[in-house]
Amino acid sequence: NFVKVIERLDGEGIGVVRQGLQLDETKELSRAGLAVPNYENFASGFPDVWLAANCKFLVSACTGSWLFGIPFNKPAVITDVYTPNGIGGLKDNLVIFQLPWNLKEKRYESFVWMSANPRWSYSFEKLGLEYINIKNSPEQIVDVVDEQLARLNGTWIATDEDGELQQRFQRFVWGKDADSAYLPRVGAKFLREHQHLLPD
């Protein structure tokens, strides 16, 4: 699902470098332009810290690797997040969610349901029987990365609707006194398309 965004960034002259030693080699990602450091040439952990310190932003599939950017004030795009509970990190972080699809009712479960069932994507008793998880599509990942680039470049234009939706989401997660100036955001297009999952 990251091939499309790697090709997009590579085509714009933005290098994409893999972070993390315990990952399988994926030919599709390499063909798309992903650079893979030779970890054998460096002290253990050094490439991950160096990359986090020197990158424009990090992209992570909810693995926790985005945490490397926090000490260096580097924002992240975090995909396939499975619950609104515990979202943290920098205010410039953008997240998008994998979603539970209710098989019987043929609809997505809400953010309230996801919060009440924070480990839903690991429930082997119910996953595949009551619901399935819909991971982020290549297009959703491109959209949120494009938004992050525009925000970092100062060209992002938020609509009034975007501001209202972010505020609704943040108040749901952090309470009525949530201040959007200091909190991570959900990708704007993703939240627009899934606003029906927000509580009223």
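You'll find the structure just up there.
Residues numbered from 1 in each chain as written. Predicted model: local features only at pLDDT ≥ 70, side-chain atom pairs only at ≥ 80, totals over all residues. Heavy atoms only, no water.

1. Details of the nonpolar core
In a soluble, globular protein the nonpolar side chains are often hidden away together inside.
Here is step 1: Membership of the largest hydrophobic core comes to 39 residues, with the highest contact counts inside it found for Phe97, Phe111, Val145 and Phe169.
Here is step 2: Every element with two or more residues in this core is listed here: α1 (3–11), α2 (27–32), β4 (76–81), β5 (94–97), α4 (111–116), α5 (138–153), α6 (160–174) and α7 (188–193).
Here is step 3: Examining the composition of this core, we find that 5 residues originate from one element, α5, more than from any other.
Here is step 4: For Val145, the residues in contact, after removing those within four places along its chain, are Val5, Leu9, Phe57, Val59 and Val77. (Core = buried A, V, L, I, M, F, W, Y, C linked by side-chain atoms within 4.5 Å. Buried < 20%, exposed > 50% of the residue type's maximum accessible area, 1.4 Å probe, protein only. Helix = DSSP H or I, 4+ residues; strand = E, 2+ residues; numbered from the N terminus. Contact = heavy atoms within 4.5 Å.)

2. Observations regarding the pattern of salt bridges
Here is step 1: Per the counting criterion, the structure on display carries 10 salt bridges.
Here is step 2: Linking Asp177 and Lys176 is a salt bridge whose minimum nitrogen-to-oxygen distance equals 3.6 Å.
Here is step 3: For Lys176, a relative accessible area of 65% corresponds to the exposed category.
Here is step 4: Salt bridges sharing common partners tie together Arg8, Glu12 and Asp146. (Salt bridge = Lys/Arg side-chain N within 4 Å of Asp/Glu carboxyl O.)

3. Focus: the side chain of Asn136
Here is step 1: Its place among the elements puts Asn136 in the loop between β8 (131–134) and α5.
Here is step 2: The class of Asn136 is buried, set by a relative accessible area of 0%.
Here is step 3: There is a polar contact of 2.5 Å between the side chain of Asn136 and the backbone nitrogen of Asp80.
Here is step 4: Within the local environment of Asn136, its side chain forms a polar contact with the backbone oxygen of Phe97, the two atoms lying 2.9 Å apart. (Polar contact = N/O pair within 3.5 Å; in protein donor to acceptor, adjacent residues only side chain to side chain.)

4. Quick notes on the state of the cysteines
Here is step 1: For the structure shown, the criterion picks out 0 disulfides.
Here is step 2: This cysteine, Cys55, is not joined by any disulfide, and Cys62 carries the nearest cysteine sulfur, 18 Å off. (Disulfide = S-S within 2.5 Å.)

5. Thoughts on the pairing of strand β6 (residues 99–102)
Here is step 1: When β6 meets β8, the two strands line up antiparallel, connected through 4 bridges. Along β8, the bridge assignment pairs Pro100 with Asn133.
Here is step 2: The antiparallel pairing of β6 with strand β7 (residues 107–108) creates a hairpin that spans 4 residues between the two strands, and Lys106 there sits at a positive phi of about 55°. (Pairing = 2+ DSSP bridges.)

6. Looking at the sheet that holds strand β3 (residues 58–60)
Whenever strands of a sheet pair, they do so through backbone hydrogen bonds, lying parallel or antiparallel.
Here is step 1: Strand order across the open sheet formed by 4 strands is β3-β4-β5-β9, with parallel pairing between neighbours. Each edge of the open sheet carries a strand with a single partner, namely β3 and β9 (185–186).
Here is step 2: Relative to β5, β4 is paired through 3 bridges, and the arrangement is parallel. Looking at the pairing, Val77 lines up with Leu94 of β5.

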